[in-house]
Amino acid sequence: MPHLDSELRKEIYRSMALLGADELLLGALSSWRDGVPERDVLADLRNWNEAKLLELKEWLPSMAGPELKATEERVEQYEATREAE
């Protein structure tokens, strides 16, 4: 049976692909799945997260209604998890 860590990496990648994850994010997960050192993948993920956060914040003024509320909630959720570290 394959190593559980390897199977977990593959399944996380598949889940993100089904959710329609950004190609750059999938690339970082793919490199992790393929055995790139975790510290390198972590740096890629942190960079992606920060870039996406800035992008979302830039788009907030152009949003309205449910889209605005959902995006604000996502930003708040991300920032809350970051502050909890």
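Residues numbered from 1 in each chain as written. Predicted model: local features only at pLDDT ≥ 70, side-chain atom pairs only at ≥ 80, totals over all residues. Heavy atoms only, no water.

## Structural notes on helix H4 (residues 65-83)
- Here H4 spans 27 Å end to end across 19 residues, near enough to the 27 Å set by a 1.5 Å rise per residue.
- Turning to H4, its buried residues are Thr71, Val75 and Glu79. Seen end-on, H4 carries its buried residues on one side only, within an arc spanning 70°. Exposed residues lying more than 90 degrees from the buried face of H4 are Pro66, Lys69, Glu76 and Gln77.
- Structurally, H4 contributes buried residues whose contacts are with helix H3 (38-59). (Helix = DSSP H or I, 4+ residues; strand = E, 2+ residues; numbered from the N terminus. Expected span 1.5 Å × (residues − 1). Buried < 20%, exposed > 50% of the residue type's maximum accessible area, 1.4 Å probe, protein only. Arc of directions from axis to C-beta. Contact = heavy atoms within 4.5 Å.)

## Some details on the confidence of the model for the protein chain
- Summarising the model, the protein chain shows a mean pLDDT of 90, and 95% of its residues fall at 70 or more.
- Taken element by element, the predicted model of the protein chain shows its lowest mean pLDDT in helix H1 (residues 4-18) (86) and its highest in H4 (94). (pLDDT = per-residue confidence, 0-100.)

## Digging into the packing of aromatic side chains
- Under the definition given, this model contains 0 aromatic pairs.
- Sitting over the face of the ring of tyrosine 13, arginine 33 holds its NZ or CZ atom 4.5 Å from the ring centroid. (Phe/Tyr/Trp six-rings, centres within 6.5 Å; stacked < 30°, edge-to-face > 60°. Lys NZ or Arg CZ within 6 Å of the ring centre and 35° of its normal.)

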